[in-house]
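Survey of secondary and tertiary structure
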Amino acid sequence: MRRARRRRLYKRVRGAGTGPAAPLIPPGAARSLPVPLRPAGSMYQSSARCLCSALPALCCAPAAASASRLPRPRSHPPPPGPAAPRASAGGPPAPGTPPRTVCSMGNSTSRLYSVLAKTLSSGAVAQHQDCLEQLDSAQLDPIDPKDLLQECQIVLQKRPPRFQRNFVNLKKNSTSSHRPIRVMQWNILAQALGEGKDNFVQCPMEALKWEERKCLILEEILAYKPDILCLQEVDHYFDTFEPILSRLGYQCTFFPKPWSPCLDVEHNNGPDGCAMFFLKERFELINSANIRLMAMKLKTNQVAIAQTLKCHETGRLFCIAVTHLKARTGWERFRSAQGCDLLQNLKNITQGAKIPLIVCGDFNAEPTEEVYREFSNSSLNLNSAYKLLSPDGQSEPPYTTWKIRPSGECRHTLDYIWYSQHALNVNSALGLLTEEQIGPNRLPSFNYPSDHLSLVCDFSFNQDPDRLL
């Protein structure tokens with residue numbers, strides 16, 4: 001039933017983008033086909049780049065160079081020599097930089113070619129549509145994270161280095177001998193919205209190119225190696241994140257918005273939604289629920305995923321949820337109603353807080369809003385993990401998103417990781433980017449792929465969870 005619904009959705013989406021630049025794509029192949037190509041000069045550059053790889057644009061360096069050297073880590077300064085100039089932090093590539101030669105994943109110099117070759121050519125898609133419909137990414141070869149990071153660094157070698165962020169140790173007399181559970185929360189910015197609707201007036205369109213921006217996203221994920229990854233605004237799930245992350249050992253779940261604003265953008269890649277990924281080697285899925293949030297007794301366009309997992313190491317159960325509430329000023333009561341509905345669903349799933357809970361999301365709400373107070377005062381006994389970074393442990397960070405739109409500069413705290421404070425401890429949390437690192441043009445940028453910062457926390461189970469109930 002879910003597959004039939006997905007086919008109808010993709011048939012509608014792909015049909016809206018038909019024409020010479022966006023040929024119709026059979027809905028059964030939606031999980032493996034690339035996004036429709038746009039005319040030269042737009043988001044997807046030319047028909048020569050039409051690859052059906054899970055990483056269509058993870059390219060190798062110029063052929064003469066890539067066979068003889070490995071990519072230089074972008075976090076280190078370039079060695080002396082006649083190398084091409086690098087882009088300065090926060091700006092476009094330096095003037096006079098020669099155009100970068102790009103070769104496809106079909107070149108043998110690409111270390112991921114053998115892994116991803118099963119979905120390489122659109123001709124093969126046309127000949128084997130029935131096989132593609134049954135394609136199970138779990139049957140494909142795994143990807144070595146180091147190889148994937150290396151591929152990303154090759155694509156990004158003309159961009160400025162990724163900013164370094166440090167973890168803040170928050171451990172208080174923790175006696176747990178088990179490895180902590182690392183949870184990453186991130187609104188990654190839907191590609192269709194970034195290029196078509198969000199109007200980041202200080203961000204060059206070149207910085208939003210999907211071929212490179214997705215490598216920045218993957219690089220961020222690979223840098224922090226989360227055990228559980230919660231994402232919002234995912235509109236490249238089937239052609240990028242699910243094929244790649246499943247081969248990194250993650251179990252993947254996606255729940256799109258029923259009326260995604262991405263569908264209003266010409267040549268979109270389908271609807272955006274929430275996605276959750278967890279490492280199968282660490283957890284077993286016990287239960288999964290896709291929740292369409294209600295507000296004032298009406299179904300809304302916002303969604304959530306809630307999954308009950310069993311930790312292999314400890315045998316403990318816990319629930320992890322991801323959501324993205326309604327945006328915009330003036331919708332505060334609506335967000336409050338959505339939050340109440342989500343909390344009620346989570347109470348049922350966790351049996352009234354008997355199962356520990358972690359909730360990740362872009363709530364589109366400052367800490368002064370009612371929905372924030374509802375989560376703070378819930379019977380689920382939740383606390384916001386990033387409050388612990390403040391000196392008194394009571395204040396949220398000054399911002400989790402910072403951008404410039406035509407209406408002006410927007411600096412807000414909207415993203416949170418909530419957790420059951422009676423059953424879980426926060427061992428550490430990833431510090432945020434400073435204003436100096438973000439730069440005067442704000443986010444997104446050549447350095448950073450989204451207008452929201454990623455949040456990362458390490459959790460451990462409380463050894464006496466009933467003590468604080």
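Cut-offs and rules
Residues numbered from 1 in each chain as written. Predicted model: local features only at pLDDT ≥ 70, side-chain atom pairs only at ≥ 80, totals over all residues. Heavy atoms only, no water. UniProt positions renumbered as here; feature names shortened; annotations may be inferred. Pairing = 2+ DSSP bridges. Helix = DSSP H or I, 4+ residues; strand = E, 2+ residues; numbered from the N terminus. Axes fitted to C-alpha atoms, helices over the stretch in contact; angles between N-to-C directions. Contact = heavy atoms within 4.5 Å. pLDDT = per-residue confidence, 0-100. Core = buried A, V, L, I, M, F, W, Y, C linked by side-chain atoms within 4.5 Å. Buried < 20%, exposed > 50% of the residue type's maximum accessible area, 1.4 Å probe, protein only. Phe/Tyr/Trp six-rings, centres within 6.5 Å; stacked < 30°, edge-to-face > 60°. Expected span 1.5 Å × (residues − 1). Polar contact = N/O pair within 3.5 Å; in protein donor to acceptor, adjacent residues only side chain to side chain.

- An unreviewed UniProt entry lists the chain under the name Nocturnin, with Lonchura striata as the source organism.
- Quoted verbatim from the Cofactor (unreviewed entry) field of the UniProt record, the comment on the chain reads "Mg(2+)".
- If you open the UniProt record of the chain and go to Sequence similarities (unreviewed entry), you find "Belongs to the CCR4/nocturin family."

Thoughts on the sheet that holds strand β1 (residues 167-169)
- Strand order across the open sheet formed by seven strands is β1-β14-β15-β2-β3-β5-β4, with mixed pairing between neighbours. Each edge of the open sheet is held by one strand with a lone partner, namely β1 and β4 (250-256). On average, adjacent strands in this sheet sit at an angle of 20° to one another, irrespective of strand direction.
- Taken together, the five bridges between strand β14 (residues 424-430) and strand β15 (residues 455-461) define a ladder with antiparallel strand orientation. Across the sheet, the residue bridging to Asn425 is Ser460, located in β15.
- Packed on one face of the sheet, helix α8 (residues 210-224) meets β1, β2 (181-187), β3 (228-234), β14 and β15 and runs near 160° to β2.
- In this fold helix α9 (residues 237-246) packs onto β3, β4 and β5 (273-279), with an angle of close to 160° to the strand it touches most, β4.

Regarding the confidence of the model for the chain
- Considering every residue of the chain, the mean pLDDT works out to 78; 68% of them sit at 70 or more.
- In this model residues 56-72 is a low-confidence stretch, pLDDT under 50, and it forms 44 contacts with partners more than four residues away in sequence or in other chains.

Re the side chain of Ser336
- Counting through the fold element by element, Ser336 comes out in helix α10 (residues 332-349).
- Here Ser336 is in contact with Glu370, Val371 and Glu374, once residues within four sequence places are set aside.

Side note on the sheet that holds strand β10 (residues 382-384)
- On the basis of which strands lie adjacent, the open sheet formed by six strands has the order β6-β7-β8-β9-β13-β10 and mixed pairing. Both edges of this open sheet fall to β6 (283-295) and β10, since each of them pairs with a single strand only. On average, each strand axis in the sheet is tilted by 20° relative to the strand beside it, whichever way the strands run.
- As judged from the six bridges shared by strand β8 (residues 317-324) and strand β9 (residues 357-362), these two strands associate in the parallel manner. Opposite Ala321, over in β9, you have Val359 as the bridge partner.
- Packed on one face of the sheet, α10 meets β6, β7 (298-311), β8, β9 and β10 and runs near 145° to β6.

So, the nonpolar core
- Counting 72 residues, the largest nonpolar core has Ile228, Phe241, Phe277, Ile320, Ile358 and Phe459 as its most contacted members.
- Here this core takes eight residues from α8, the largest share from any one element.
- Excluding residues that lie within four positions of it along the chain, Ile228 makes contacts with Ile181, Arg182, Val183, Met184, Phe277, Phe278, Phe283, Leu309, Phe318 and Ile320.
- Residues Ile291, Ala306, Ala321 and Leu382 belong to the second largest nonpolar core, which totals 25 residues.

Overview of the packing of aromatic side chains
- For the coordinates displayed, the defined rule picks out 19 aromatic pairs.
- Note on Phe363 and Phe375: the rings are 5.0 Å apart at their centroids and 90° apart in plane angle, and the pair reads as edge-to-face. Of this pair, Phe363 sits in the loop between β9 and α11 (370-376) while Phe375 is found in helix α11, placing the two residues 12 residues apart along the sequence. Across the pair, Phe375 and Phe363 agree in class, each one buried.
- Where Tyr419 meets Phe459, the ring centres are 5.6 Å apart and the plane angle is 50°; that geometry is what we call tilted. Taken together, the residues span a long stretch of sequence, with Tyr419 in strand β13 (residues 415-420) and Phe459 in strand β15 at a distance of 40 residues. As far as the burial class goes, Tyr419 and Phe459 line up, both buried.
- Clustering of aromatic rings is evident, with ring pairs tying together Phe363, Tyr372, Phe375, Tyr416 and Trp418.

A closer look at α10
- Helix length check: α10, at 18 residues, gives a terminal C-alpha distance of 26 Å against a target of 26 Å (1.5 Å per residue), a fit within 8%.
- Of all the positions in α10, only Phe334, Arg335, Ser336, Ala337, Gln338, Gly339, Asp341, Leu342, Leu343, Leu346 and Ile349 are classed as buried.
- For α10, the elements touching its buried residues are β6, β7, β8, β9, α11 and β10.
- At the exit of α10 stands Gln351, carrying a positive phi of roughly 55°.

Some thoughts on α8
- Compared with the 21 Å implied by 1.5 Å per residue over 15 residues, the 21 Å span of α8 between its first and last C-alpha is a close match.
- Of all 15 residues making up α8, 14 are buried, and the element is well covered by its neighbours.
- A positive phi of about 50° marks Lys225, the residue just after α8.

Digging into the side chain of Gln185
- Locating Gln185 in the fold gives a position in strand β2.
- For Gln185, a relative accessible area of 0% corresponds to the buried category.
- Side-chain polar atoms of Gln185 contact the side chain of Gln232, separated by 2.8 Å.

Overview of the environment of Asn383
- Mapping Asn383 onto the fold places it in strand β10.
- Along the backbone, Asn383 and Trp418 are 35 residues apart, and their C-alpha atoms lie at a distance of 5.4 Å.
- Among all residues touching Asn383, those that are not within four sequence positions of it are Leu388, Ile417, Trp418, Tyr419 and Gln421.
- Of the polar contacts made by the side chain of Asn383, one reaches the side chain of Lys387; its length is 3.4 Å.

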